[in-house]
Structures are given as C-alpha cells and as structure tokens.
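Per-entry structural report
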Amino acid sequence: MGRKIINTLLLISISIYVYGQNSNEKPHADKFFVTNGDTVWYSTIFTWKHSDVNWLRNSRTQLLALVDSNLNVLTEFKYERFCPFYGKCGAVMRNGKWGVVNKKGEEVIPFKYTMFPFSFSDTTSNKEYYVFTKKNKVGVIDSDGETIIPFKWDGIRYLEYAILEMEKDKCRYLYFMKTGKTVPIKKDMIICSDFNAYGETIVKDLNLNKYGIMDTSCTIIQPCIYNGLKEVRQHLK
C-alpha cells in the first residue's frame, strides 16, 4: 500500500515537471512571451471571460498594450493604467490622462481627463457611455466620442432604462436619454431606482415617510401612501 502511494506521488511529480519543461508559461502564474526584444507578461487574474481583448504589461517599461485572444498586439506599449473590457470599449490612462479605446485599439475618446470615469451601457442604443470630470463638472461622452451631456453638472448617477439622475446647484433632475428630456425632481422626493419599462419609478416622500410611484414627467401617479417597497412594487408594472 505504501509503495503504491509513493509511486503515485512520483508520477504526479514527473507530470508537473514535464508540463513545466514543455510549456513556455508558468503553471498558475503570469504568462510570458517576447516581442521586439522585450519580455512581456499579462496577468491571469483578468480572464477572457468578459471580452476577447486584454491588456499586456511590458516588464521593462511597465507600460500597457492591448492584445486580442491570440496575443496579437493591437497598440503600442504606451498606457499606464486600465479598466478591463466588459463591452466594446475600455477606459485607459496615457501620460497621466484618461481616455477610451475600442477593441481595435482606436482611441475613441481623447486622453485629457485627470479623473477615472465610470461607465454604463444602454442596450436600446447599443452604446457605452462614460461619465468624465472636467473643471470640477461632470458630463457624459458616448463610445463614438460624442458629448451627450455637457460638462455643467455637479453629479450624475445612472439609474435604469437609460435614465440618469443629475444634480446641479443642489437641485436634482431626471434625464431621459431616449428623448433627451430633463425633468426637475422635488426636493422632498428620493428616487428608489426601481423602474418599469415605461420609465415609471418608485419614490419616497421624505415628509410623509411613505412610498409612491412617479411617471416620466415627475408626476405622482400612485400616491405616497405605502409603508414599504414590497407593498408599492405590486403597483409598478
């Protein structure tokens, strides 16, 4: 019995050794290859699960380049920080400024923003959107590089169904991307981020401490008489 165990352990050890000898990569570690005389690695932490492109880091310069799943290098090694691809585009930093590149490595949003953007997608337009900051104001740029919302807002929050909550001078607004319509929100109302397909949403009246339903014109269509979200959700169809 003891000899069988020893033989089994020897076979496992030999298998691991042969794998390491025949492979150009380290098991359970980063992957390595050489391009233009430089050793390059990419981390296995970021899998190809969400995208067919990824980022490589040059071990000499510590700069990044975009590659496809066959490890074809699509850009120069010139980027410093990045956000993983989850759609068509990804945010990345070059020379200390943030911009956006697409899966071809094309720079679709210029590199002139000092703060990291947050992004969201809209299935109706099949686009991605990036909220950047410029001179302490925020705006929204789409994945085609077009400014959708100008840089004049103090804050922007994505809700659902291509609806944004925006703030300016301590006043809040709903912005409907499908129509380009901006509607003010009453100061005593809180948007609860529960929407239906028509853009109607659950709100909370802070004075009454009750819940109701508001439509896209910010008109209350179900009065704020409900004690909890579970109760009011039955009327949001």
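I will try to describe carefully the structure that is included in this document. As a convention, each chain's residues are numbered from 1 in the sequence order in which they are written. Per-residue local features are limited, in this predicted model, to residues with pLDDT of at least 70; the limit for side-chain atom pairs, both in listing and counting, is 80 or more; totals at the level of whole chains, interfaces and linings are taken over all residues. No hydrogens and no water enter the side-chain calculation; it runs on all heavy atoms of the structure.

Let us look at the layout of surface pockets. Method remark: on a 1 Å grid restricted to protein atoms, a set of points is classed as a cavity if a 1.4 Å probe fits but cannot get out and as a pocket if it is open with protein on both sides within 12 Å along at least five of seven lines; lining residues have an atom within 4 Å of a point. Grid points are joined across faces, edges and corners, and a volume is the space filled by probe spheres set on the points. Estimated volume of the largest pocket: approximately 190 Å³. Along the wall of the largest pocket there are 14 residues; nearest its centre are Tyr86, Cys89, Ser119, Glu128 and Tyr130. A run of H or I in DSSP counts as a helix once it spans at least four residues, and a run of E counts as a strand once it spans at least two, with each numbered from the N terminus. Secondary structure elements with two or more residues in the lining of the largest pocket: β6 (89-94), β9 (118-122) and β10 (127-134). Residues were grouped as follows: Ala, Val, Leu, Ile, Met, Phe, Trp, Tyr, Cys and Pro as nonpolar; Asp, Glu, Lys and Arg as charged; and all remaining residues, including Gly, as polar. Of the residues assigned to the lining of the largest pocket, the class counts are 9 nonpolar, 4 polar and 1 charged.

Let us look at the sheet that holds β9. Between any two strands, at least two bridges found by DSSP are needed for them to pair. Spatial ordering of the open sheet is given by β9-β10-β11-β12, a layout of 4 strands whose pairing is antiparallel. At either end of the open sheet lies a strand with only one pairing partner, and these are β9 and β12 (147-153). Going across the sheet, the axis of each strand differs from the next one's by a mean of 20°, ignoring polarity. Here strand β11 (residues 137-142) pairs with β12 via 3 bridges, running antiparallel. Bridging from a neighbouring strand, Ile141 pairs with Thr147 of β12. To get an axis, a line is fitted to the C-alpha atoms, and for a helix only the part in contact is used. The angle between two axes follows their N-to-C directions and goes from 0 to 180 degrees.

In this section: unusual backbone geometry. Phi is positive for Asn136, which is not a glycine, with a value near 65°. Mapped onto the elements, Asn136 comes out in the loop between β10 and β11. Exposure remark for Asn136: the relative accessible area of 71% places this residue in the exposed category. With a phi angle near 65°, Cys218 is a residue other than glycine that sits in the positive phi range. For Cys218, the location among the structural elements is in the loop between β19 (210-214) and β20 (220-226). The classification of residues rests on relative accessible area computed with a 1.4 Å probe and restricted to protein chains. Under 20% of the type maximum is buried, over 50% is exposed, and intermediate values are partly exposed.

Everything listed here is a matter of geometry and, on its own, says nothing about what the molecule does.
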